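Structure assessment
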Amino acid sequence: MNFLDKLEHPIYGIAGETADRLGVQAYAVGGVVRDIFLNRESKDIDIVVVGSGIELATAVASAISPNIHVNVYKNFGTAQFAYKDAVVEFVGARKESYRPDSRKPIVEDGTLEDDQNRRDFTINALAISLNGNTKGLLIDSFGGIKDIQDKIIRTPLDPDITFSDDPLRMMRAVRFATQLNFTILDRTFQAIQDNAKRLEIISKERIVDELNKILLSPTPSKGIILLEKSGLLAQFLPELLALKGVESIDGKKHKDNFFHTLEVVDKIRMVSNNIWLLWAALLHDIAKPRTKRYNPQVGWTFHGHEVLGARMADRIFKNLRLPVNEKLKYVKKLISLHLRPIALVEDQITDSAVRRLLFDAGDDIDDLMMLCEADVTSKNQRKVQLYLDNFAKVRVKLKEIEEKDRLRNWQPPISGELIMQTFGLSPSREVGIIKTAIREAILDGIIENDYNAAMELMLKEGEKLGLTLNNR
Ligand code: ATP
Ligand code: MG
């Protein structure tokens, strides 16, 4: 069978002709070949040549157009360029050998077989010849096609060697199993358990890249459970592991917060592909183990877990080299507010409580509501329905009040400047008191959210403070 027909991008034809002209042998390899058999879209194109990847890349680019810019990475012996919606990478076939004390392999030129030996999984070790008398032939040295059919993740060589050589592959095994809904072969999984500790030599950035791909998979819980069972999770996110387990006193149990969290993450993934919302879901109860108390009257409590949880997110983000910018701020905001809509439902959905929620959540109110709805995971369907109905009421009320009061991204109708000018003040405690009084009155619905009402209150508050008007 000629598999060249399956490679739709025009680069393959051009690369094959160019390789013939240079007298070298080239192959499509890796993800693109795998994805053909999975009927999956794939973006980046990897081409391996038995010879120089940089030479082939340069020749192919100039065969297409003199205007293509080729990025050359001499140290890695690779070169790439963008062409028709794809990044095409060329690399010389190589042989890698590892020493146990280093992550950096010794790299030599090699054959296609050497190159396939260093791939992570059988499903990623497929190649299609682009030229010569093997043109169009599929090379499947390790039974990758069968493993695709059987939905199996397996290393081409002894898994102990594959994982010890590059421990990131253990994260990749879990990631592919989750993305593709495949099973990691027992023998392979055993090797992950045995080598999990070696993940410590991998940079946090690369670990988090894989974790994010797991979170964005159709059912993230599958991957997180594999991370837990394999011992990998303990290496980079022990805080999440600490959520696992159920304690019981006087026959009163709390729920297992690890599995609860996974349920929430899965539910968020069904309605959103916002990675930061997924992180908020993953961490929303992260402080429960540290705030857990038992009270004979009311049972288990986790008072303040939303506040401590937001603080723990700081440490976790720093530790995992996640961005500590407005993304972290967003995650912390959602964690710290995640009980508010529930509290609102349990007390009373008053206008002023809704107004305060809108004020605190700002533009993230819709995401917060999604998180709260996903957070309802009771086994009791009646209870779940009751909560969801109540949240629907909150949503209606939020909309009403937003239309009336426009409190998202609220700006005070009267600025500190104007307060200072009116009373002839310099920046001082009094200015703050007046500003707070105006904000509180608006949030409580005592005055309207407009200039005139705020002006009137400002004058009254000034009088209370014994201030006089500035008559300049
Ligand atoms: P995706 O692009 O969807 O993440 P992919 O399989 O294309 O999946 P890449 O990271 O783009 O993954 O890598 C391309 C190919 O390079 C893989 O298919 C695999 O053959 C090989 N590869 C990547 N990383 C490793 C690794 N750590 N160890 C061994 N082989 C690897
Ligand atoms: Mg890829």
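These numbers come from a predicted model, not from an experiment. (Residues numbered from 1 in each chain as written. Chains lettered and ligands numbered in written order. Predicted model: local features only at pLDDT ≥ 70, side-chain atom pairs only at ≥ 80, totals over all residues. Heavy atoms only, no water.)

Moving on, we come to the pattern of salt bridges. In this structure the tally under the stated criterion is 25 salt bridges. The closest approach of N and O atoms between D120 and R172, which form a salt bridge, is 2.6 Å. Residue D120 is located in the loop between α4 (112-117) and β8 (127-129), and its partner R172 is located in helix α7 (residues 168-180); the two are separated by 52 residues in the primary sequence. Take R172: its relative accessible area is 23%, and that puts it in the partly exposed class. Note that K244 and E228 form a salt bridge whose closest N and O atoms lie 3.3 Å from each other. Linking K244 in the loop between α12 (238-241) and β12 (248-249) with E228 in helix α10 (residues 220-230), this pair joins segments that are 16 residues apart in sequence. What makes K244 partly exposed here is its relative accessible area of 39%. Looking at E228, the relative accessible area reads 18%, which means it is buried. (Salt bridge = Lys/Arg side-chain N within 4 Å of Asp/Glu carboxyl O. Helix = DSSP H or I, 4+ residues; strand = E, 2+ residues; numbered from the N terminus. Buried < 20%, exposed > 50% of the residue type's maximum accessible area, 1.4 Å probe, protein only.)

Across residues other than glycine, the phi torsion is negative in most instances, and most of the peptide bonds are trans. Even without being glycine, N181 reaches a positive phi, approximately 55°. Relative to the helices and strands, N181 is located in the loop between α7 and β11 (183-184). Exposure remark for N181: the relative accessible area of 48% places this residue in the partly exposed category. A positive phi angle is found at R321, which is not glycine, with a value near 55°.

Another point: the packing of aromatic side chains. For the structure on display, the rule yields eight aromatic pairs. Taken together, a centroid distance of 5.6 Å and an interplanar angle of 55° make the contact between F3 and F37 tilted. One end of the pair, F3, is in the segment before α1 (11-22); the other, F37, is in helix α2 (residues 31-37), with 34 residues separating them in the sequence. Among the aromatic residues, ring-to-ring pairing joins W276, W279 and F317 into one connected group. The positively charged end of K288 is found above the aromatic ring belonging to F302, 4.7 Å away from the centroid. Taking NZ or CZ as reference, K292 lies 5.2 Å from the ring centre of W300, over its face. (Phe/Tyr/Trp six-rings, centres within 6.5 Å; stacked < 30°, edge-to-face > 60°. Lys NZ or Arg CZ within 6 Å of the ring centre and 35° of its normal.)

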